[in-house]
Amino acid sequence: MSFWQHESAIVDAGAQLGDGSKVWHFAHISAGARIGERCALGQGVYVGNDVLIGNNVRIQNNVSVYDAVTLEDDVFCGPSMVFTNVYNPRAAVARKSEYRRTLVKKGATLGANCTIVCGHTIGAYAFVGAGAVVQKNVPDFALVVGVPAKRIGWMSRYGEKLSFDAKGFAECPHTGDQYRLDRLGGELCKLVKEGSL
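Residues numbered from 1 in each chain as written. Predicted model: local features only at pLDDT ≥ 70, side-chain atom pairs only at ≥ 80, totals over all residues. Heavy atoms only, no water.

(A) Region of interest: the sheet that holds strand β22 (residues 150–154). The nine strands lie next to each other as β1-β4-β7-β10-β13-β16-β19-β21-β22, forming an open sheet whose pairing is mixed. With partners counted over all chains shown, the strands left at the sheet margins are β1 (4–5) and β22, one partner each. (Pairing = 2+ DSSP bridges. Helix = DSSP H or I, 4+ residues; strand = E, 2+ residues; numbered from the N terminus.)

Shown next, in the form of C-alpha cells:
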C-alpha cells in the first residue's frame, strides 16, 4: 500500500491505509484502524482502533474518530466536528463495553463543529449543518440544522438544496439527478433517476 504521512504524524503498526491516502501534521492513526484509498486526514486528526473508513473520505483538522464509528465512501467531516461513543460517560465508570455504534453512509457531509451523538445512522448524502447536534437517525438526503438537529430540507448528491414541485419531484440542475418525496410512512426523499455526478 502506498500512502503518505507527514513526519509529525503517527501511524501505529498494523493500521491499514489505502493507496493515495494522506495523513497530515500531528495526526494519530491507531493500530486497528482500516482506512480506504484516496482519503485525507487533516492536522490533529485521531482515528481509533475499531474504526472503518471507506474510500475518498475527507476528515478536516481536529476531528477524533473514536472506536465504533464507520464512515462509508465519500464522507466529509468538517473541521472540529465531534463523534461520541458512550451515551452516558462518567470518569469514574468504565463503559468500554457499552459503546454505541455510529454509521455515516456514503456521501454524507458533517459540518464544522457539529456533534453526532453515538448510536445513530447518518443517511446517504445527508447534510448536517455546522454546529448541529444530532440525537437521532438522519434520513438519506436530509438537511438538518440546529440544537437538537431538525430537518429543514433535502440535499442533492451534488450538495445543493432541492426544491420540490407540487407533485413532490425535484431535479438537481448540476447533475440531472431526479428526486421524489415519498410521504408513505413518513416523509422521505428518494433518488429516482441518476444523472452524472
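Still to come is the rest of the account.
(B) Representation of the pairing of β22 in the model. Strand direction decides the pairing type here: strand β21 (residues 142–145) and β22, joined by four bridges, are antiparallel. By the bridge assignment, V144 is partnered in β22 with R151. With antiparallel pairing between neighbouring strands as the criterion, β21 and β22 make up a hairpin whose turn holds four residues, including G146 at a positive phi of roughly 95 degrees.

(C) Broad picture of the pairing of strand β24 (residues 178–182). By the bridge criterion, three bridges tie strand β23 (residues 169–171) to β24 in an arrangement that is antiparallel. If you follow F169 over to β24, its bridge partner there is R180. Joining the antiparallel neighbours β23 and β24 is a turn of six residues, in which G176 adopts a positive phi near 80 degrees. Judged from the five bridges that link them, β24 and strand β25 (residues 188–193) form a sheet pairing that is antiparallel.

(D) Layout of the sheet that holds β23. With antiparallel pairing, three strands are arranged side by side in an open sheet as β23-β24-β25. Two strands close off the open sheet at either side, each with one partner strand: β23 and β25. Across the sheet, the axes of successive neighbouring strands diverge by a mean angle of 30 degrees, strand direction being ignored. (Axes fitted to C-alpha atoms, helices over the stretch in contact; angles between N-to-C directions.)

(E) Representation of the state of the cysteines within the structure. Using the criterion set out here, one finds zero disulfides in the structure. Here C39 is not disulfide-linked; the sulfur of C77 is the nearest cysteine sulfur, at 10 Å. By relative accessible area, which is 3% here, C39 ends up buried. Free of any disulfide, C77 has its nearest neighbouring cysteine sulfur in C114, separated by 7.9 Å. We classify C77 as buried; its relative accessible area is 0%. (Disulfide = S-S within 2.5 Å. Buried < 20%, exposed > 50% of the residue type's maximum accessible area, 1.4 Å probe, protein only.)

(F) Main features of the nonpolar core. Counting 48 residues, the largest nonpolar core has I59, L71, F83, L110 and I122 as the members making the most contacts within it. Looking at this core, the elements with two or more residues in it are β9 (51–53), β12 (69–71), β21 and β24. The contacts of F83, once residues within four sequence positions are left out, are V63, S64, V65, Y66, V69, L71, C77, T102, V104, L110 and I116. (Core = buried A, V, L, I, M, F, W, Y, C linked by side-chain atoms within 4.5 Å. Contact = heavy atoms within 4.5 Å.)

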